[in-house]
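Each chain is listed here by its residues.
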Amino acid sequence: EALARRLWRGEAPVLEALLAPAELVFRLAQAAYHGAYDAGLLPRSRSALPTISIGNLAVGGSGKTPVSRWLVDELLARGERPAILHGGYADDEPALHRLWHPDVPVFAGRDRAESAARAAAAGATVLVLDDAFQHRKLRRDLDIVLVAAERWTAAPRLLPRGPWREPPAALRRAHVLAVTRKVAPSVKSEAVAHALAARAPHAAILRLAILPAGWRRWPFAGAATEVADRVEAPQGPTVCGVADPELFLANAKQAGGRVERALVYPDHHAFTVAELAEIARARGTGVVLTTAKDAVKLSAAAPDLPLVVLEQVVVVEAGAEGLAAALDRVLARG
């Protein structure tokens, strides 16, 4: 993964050139896959419940998990009973959803049609699919596609030569395009939103800021302990196994974290005994600054490790009316 990040930052030009044929094969394969669904050649199932997907075009880094959390909050505020459907490829994100919303059922598994049926039987009124834009087997009433302002390019490179899973032309399948930003200035977000509006004039455009909201001791039981759990200016090493560690490190410093050393691991990383020992040595007698996803795994593997988690808040900067109208339309189906 470290090599992939170097490649995608343009730091391995020889490897980049060698991977051009592999990228072409991937482009043809994904075009055939989505083309078969678009033409009705591959079967698709439909849930009896209104179905909303949150996804993106690139590998990680756009904020799908915090935006999914925020959308569930929006649906709960509307009086709905949402259920979250996750692809089941990692345990950290389903665990986080269960922690954030203990009363919202989470179904993790590759067969999302089966998960949808289980959710309906459990009394859900609406489905939220986390990271499902490329999953075409289950029909959706609303596709929300996130585009990170920090990573947007009009001519992206696809896997394995670059981090994109689909080209920008795939945005034609989206109903709402949400430009997210973590460290990019708002003017950059506005420029990306303008570019997307020109490419997909049929879609509503939403602009979201995913901002650091301070530090909190882990584990925490819920909202009742939030104030007591707050930590100001924590000091220690950062540990992160996320798609864009640079964004986390920037947000950590924005939130007042005093970073002594950055320990970076692959996305959805399972920590080894040797790595846990390294983390313990790095923290000394202090704390470990980390992400919520990493805290789930670290606390399970090393319960005595003192963790402080960077919390995030999603702020709507523009386009709230378009999203509200889209949700009204979808939920009316139920």
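Asks: Explanation requested: the environment of Glu321 in the structure shown.
Replies: Tracing the backbone shows Glu321 in helix 12 (residues 320–332). C-alpha of Glu321 to C-alpha of Leu206: the two residues are 115 residues apart in sequence and 8.9 Å apart in space.

Asks: In this structure, what is going on with the packing of helix 4 (residues 64–77) against helix 5 (residues 92–100)? I would like to understand it.
Replies: Pairs of packed helices are described in terms of their axes, by the angle between the two and the distance that separates them. Relative to each other, helix 4 and helix 5 sit at 30 degrees, their axes nearing to 11 Å. Between helix 4 and helix 5, the crossing angle belongs to the class labelled roughly parallel. The chirality of how helix 4 crosses helix 5 is right-handed. Residues Thr65, Ser68 and Arg69 of helix 4 form the contact with helix 5, whose participating residues are Glu93, His97 and Trp100.

Asks: Help me understand the environment of Ala197, please; the structure alone is not making it clear to me.
Replies: Inspection of the secondary structure puts Ala197 in helix 7 (residues 186–199). Separated by 20 residues in sequence, Ala197 and Leu177 have C-alpha atoms that sit 8.5 Å apart.

Asks: In this structure, what is going on with a nonpolar patch on the surface? I would like to understand it.
Replies: Together, Tyr33, Leu41 and Leu42 make up an exposed nonpolar region whose accessible area comes to about 280 Å². Looking at the secondary structure, you find Leu42 in the loop between helix 3 (20–38) and strand 1 (51–56). For Leu42, a relative accessible area of 33% corresponds to the partly exposed category.

Asks: Quick question: what am I supposed to make of the pattern of salt bridges here?
Replies: A side chain of one charge can pair with a side chain of the opposite charge if their charged atoms are brought near each other. All told, the structure shown has 26 salt bridges when counted by the stated rule. The shortest N-O distance in the salt bridge between Glu11 and Arg9 comes to 3.1 Å. A salt bridge links Asp131 to Arg165, with the shortest nitrogen-to-oxygen separation between them at 3.1 Å. You can see Asp131 sitting in the loop between strand 4 (126–130) and strand 5 (142–148) and its partner Arg165 sitting in the loop between strand 5 and strand 6 (176–181), a full 34 residues away along the chain. Three or more residues joined by partner-sharing salt bridges are found here, namely Glu16, Glu23, Arg27, Arg157 and Arg161.

Asks: Any chance you could explain unusual backbone geometry here in plain terms?
Replies: Most peptide bonds take the trans configuration, and most residues that are not glycine carry a negative phi. The omega angle of the peptide bond from Leu159 to Pro160 is -5 degrees, so this bond is cis rather than trans. Of note in the backbone geometry, Asp131 takes a positive phi value of approximately 60 degrees without being a glycine. The buried category is assigned to Asp131, whose relative accessible area is 11%. Within the chain, His268 stands out as a residue other than glycine whose phi angle is a positive 60 degrees. Relative to the assigned elements, His268 resides in the loop between strand 10 (258–264) and helix 10 (273–283). According to the relative accessible area criterion, His268 is partly exposed, its value standing at 27%.

Asks: Explain the pairing of strand 1 here, please?
Replies: Within a regular strand, the side chains alternate between the two sheet faces. Within strand 1, 6 of the 6 residues are buried, which leaves the element mostly enclosed by the surrounding structure. For strand 1 and strand 4, the ladder comprises 4 bridges, and the chain directions are parallel. Note that in strand 4 the partner of Thr51 across the bridge is Leu127. Of the strand pairs in this sheet, strand 1 and strand 5 are connected by 5 bridges, and their pairing is parallel. Paired with Ser53 across the two strands is Asp143, which belongs to strand 5.

Asks: It is not clear to me how the layout of surface pockets should be interpreted in this structure. Could you clarify?
Replies: Where empty space is left can be seen by rolling a probe of water-molecule size over the atoms. There is about 540 Å³ of room inside the second largest pocket. Taken together, 24 residues line the second largest pocket, and the ones lying closest to its centre are Trp8, Arg9, Arg151, Pro163 and Asp244. If you list the elements that add at least two residues to the lining of the second largest pocket, you get helix 1 (2–8) and helix 9 (245–254). With 3 residues, helix 1 is the largest single contributor of residues to the lining of the second largest pocket. Split into classes, the residues belonging to the lining of the second largest pocket amount to 10 nonpolar, 3 polar and 11 charged.

Parameters at a glance
Residues numbered from 1 in each chain as written. Predicted model: local features only at pLDDT ≥ 70, side-chain atom pairs only at ≥ 80, totals over all residues. Heavy atoms only, no water. Helix = DSSP H or I, 4+ residues; strand = E, 2+ residues; numbered from the N terminus. Axes fitted to C-alpha atoms, helices over the stretch in contact; angles between N-to-C directions. Parallel < 35°, antiparallel > 145°, perpendicular 65-115°, else oblique. Left-handed = near helix turned anticlockwise from the far one by under 90°. Contact = heavy atoms within 4.5 Å. Patch = residues over 30% accessible without salt bridge, like charges linked within 9 Å, V, L, I, M, F, W, Y side chains within 5 Å. Areas by Shrake-Rupley, 256 points an atom, 1.4 Å probe, with all protein chains shown as cover. Salt bridge = Lys/Arg side-chain N within 4 Å of Asp/Glu carboxyl O. Buried < 20%, exposed > 50% of the residue type's maximum accessible area, 1.4 Å probe, protein only. Pairing = 2+ DSSP bridges. 1 Å grid on protein atoms, 1.4 Å probe; cavity = no way out; pocket = protein on both sides within 12 Å on 5 of 7 lines; lining within 4 Å. Points joined across faces, edges and corners; volume = space filled by probe spheres on them. Nonpolar A, V, L, I, M, F, W, Y, C, P; charged D, E, K, R; others polar.

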